[in-house]
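Structural features, examined
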Amino acid sequence: MLVWACIAPHGGEVIPELAQSDLGRMQVTRTGMELLGERCLKAQPDTIIVMTPHGIYDESLVTIGHAGTAFGELDGDGSHVEAEFVCNTDLVTRIAAQCKELKLPICLVQSHDENNQPAPFPLDWGCLVPLWFMGANWDVKPKVVVMCPGRQIPRGELVNFGRMIAEVCEASSERIAFICSADLGHGHDADGPYGFTPVSAEFDAV
């Protein structure tokens, strides 16, 4: 069943060890992430699904990690953090079967090492930052499923994909949480890579 869900940011400096000697700059966001972590832990999920915009990417597909484990690491301010999780491959298989039936555009992705042996699926910062607060440091780590949506997928198909995920979760006997890892406001500068939008200021003001 789907027991919990949230939208979470993924700036690396939210993690205290990566705060570049200025804990105060991201403290409000960090406090919010700690609160999300407490709420997620209280829901006791067996598995956490993370939707990240920065993972293994294809413009027209939702990529889904299909490996035994997932591993990520980040560096900052002379510090290093890393985390490894077991992947819920059974849940991935069920999601893939539903996608095939509904003709939703997905691709299952595996990682291999230099000897062409199975390797941990890479956790990008869009996954590792929220998972650092929601699972990585728990006494019993949840399993994970990692997804990355293509930006050219029509919005209606993404809505259908989300409904399908919720239905698969509800039909499961496992307790499943969902994290949408999202940049809530990159549009601060007309000359920046994402341009300017007044909506960014609305998020910053909250």
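Shown above is the structure to which this text applies.
Residues numbered from 1 in each chain as written. Predicted model: local features only at pLDDT ≥ 70, side-chain atom pairs only at ≥ 80, totals over all residues. Heavy atoms only, no water.

Considering the overall build of the protein
Just so we agree on the cut-off: In this text, helices come from DSSP runs of H or I with a minimum length of four residues, and strands from runs of E with a minimum of two, each type numbered from the N-terminal end. In this scheme, a residue with accessible area under 20% of its type's maximum is buried, one over 50% is exposed, and one in between is partly exposed, where area comes from a 1.4 Å probe on protein chains only. A contact between two residues is defined here by any heavy atoms of the two lying within 4.5 Å. Per-residue and other accessible areas follow the Shrake-Rupley method at a 1.4 Å probe size, with only the shown protein chains counted as cover for residues. Counting rule applied: Lys, Arg positive; Asp, Glu negative; His and chain ends not counted. A single reference atom marks each charge: NZ on Lys, CZ on Arg, CG on Asp, CD on Glu.
Along the backbone of the protein there are five helices and eleven strands. Reported as C-alpha extents along the three principal axes, the dimensions of the protein are approximately 45 × 40 × 40 Å. Counting the 206 residues in the protein, one finds 43% classified as buried. Contacts spanning at least 24 positions in sequence make up 78% of the contacts within the protein whose residues lie at least 6 apart. Total accessible area on the protein is roughly 11200 Å²; 53% of this is exposed by carbon and sulfur atoms. In the protein, 13 side chains carry a positive charge and 28 a negative one; their mean positions are 9 Å apart.

Quick word on the pattern of salt bridges
Short version of the rule: Basic side-chain nitrogens of Lys or Arg form a salt bridge, by our definition, when they fall within 4 Å of a carboxyl oxygen of Asp or Glu.
Tallying each qualifying case throughout the model produces two salt bridges. Of the charged contacts, one joins arginine 25 and glutamate 13 as a salt bridge, the two residues approaching to 2.7 Å between their closest N and O atoms. One end of the pair, arginine 25, is in the loop between β1 (2-8) and α1 (27-43); the other, glutamate 13, is in the loop between β1 and α1, and twelve residues separate them in sequence. Arginine 25 sits in the exposed class, given a relative accessible area of 52%. Given a relative accessible area of 16%, glutamate 13 falls into the buried group. We note a salt bridge from glutamate 174 to arginine 94, for which the minimum N-O separation is 2.9 Å. In this pair, glutamate 174 sits in the loop between α4 (155-171) and β11 (176-181) while arginine 94 sits in helix α2 (residues 89-102), placing the two residues 80 residues apart along the sequence. Glutamate 174 sits in the buried class, given a relative accessible area of 18%.

Details of the layout of surface pockets
What counts, and what does not: The definitions used throughout rest on a 1 Å grid laid over the protein atoms alone, on which a cavity is an enclosed set of points accommodating a 1.4 Å probe that cannot get out and a pocket is an open set flanked by protein within 12 Å on both sides along at least five of seven lines; lining residues are those having an atom within 4 Å of a point. Grid points are joined across faces, edges and corners, and a volume is the space filled by probe spheres set on the points. Polar here means any residue other than Ala, Val, Leu, Ile, Met, Phe, Trp, Tyr, Cys and Pro, which are nonpolar, and Asp, Glu, Lys and Arg, which are charged; Gly is therefore polar.
Taken as a whole, the largest pocket encloses approximately 800 Å³ of empty space. Residue lining of the largest pocket: 23 residues in total, with Pro53, Pro149, Leu158, Cys180 and Ala182 positioned closest to the centre. For the lining of the largest pocket, the elements supplying multiple residues, two or more each, are α4 and β11. Counting residues per element, the lining of the largest pocket draws most heavily on α4, which supplies six residues. Among the residues forming the lining of the largest pocket, the class breakdown is 14 nonpolar, six polar and three charged.

A few points about the sheet that holds strand β4 (residues 69-76)
For the record, the criterion: One bridge is not enough; two strands pair if DSSP finds at least two bridges between them. Axis lines are fitted to C-alpha atoms, over the contacting stretch for helices. Their N-to-C directions set the angle, which ranges from 0 to 180 degrees.
Within the open sheet, the three strands sit side by side as β5-β4-β9. Their pairing is mixed. The sheet is open, and its two borders are formed by β5 (79-86) and β9 (121-122), each paired with just one other strand. Looking at chain direction, β4 and β5 are connected through eight bridges and run antiparallel. Bridge pairing links threonine 69 to valine 86 in β5. Relative to β5, helix α3 (residues 125-133) is tilted by about 90°, and along the sheet it contacts β4 and β5.

Thoughts on the sheet that holds strand β6 (residues 106-109)
Read from one edge of the open sheet, six strands run β1-β11-β2-β10-β3-β6, paired in mixed fashion. Taken across any chain shown, the strands that pair with only one partner, and hence form the sheet edges, are β1 and β6. Between one strand and the next, the sheet's axes are offset by a mean angle of 20°, whatever the strand orientation. Lying over the sheet, α1 contacts β1, β2 (47-51) and β11, oriented at roughly 170° with respect to β1.

Regarding the packing of α1 against α3
How we decide: Roughly parallel covers angles under 35 degrees, roughly antiparallel covers those over 145, roughly perpendicular covers 65 to 115, and oblique covers all other angles.
Direction vectors running N to C along α1 and α3 enclose 70°, while the axes themselves pass 7 Å from each other. Here α1 is positioned roughly perpendicular relative to α3, judged by the angle of their axes. Across from Arg30, Met33, Glu34 and Gly37 in α1, the residues of α3 making contact are Val129, Pro130 and Phe133. Of the residues assigned to the contact of α1 with α3, the class counts are four nonpolar, one polar and two charged.

Points about the packing of α2 against α4
The axes of two packed helices give the description: the angle between them and the distance between them. Counted only if it meets this: A clockwise turn of the near helix away from the far one marks a right-handed crossing, whereas an anticlockwise turn of less than a right angle marks a left-handed crossing.
At a minimum axis separation of 10 Å, α2 and α4 run at an interaxial angle of 135°. In this view, α2 runs oblique relative to α4, as classed from their interaxial angle. In this structure, α2 meets α4 at a crossing whose hand is right-handed. Contacts between α2 and α4 involve Leu91, Arg94, Ile95, Gln98, Cys99 and Leu102 from the former and Phe161, Met164, Ile165 and Val168 from the latter. Residue composition of the contact of α2 with α4, by class: eight nonpolar, one polar and one charged.

In short, shape yes, function no, at least from these values alone.
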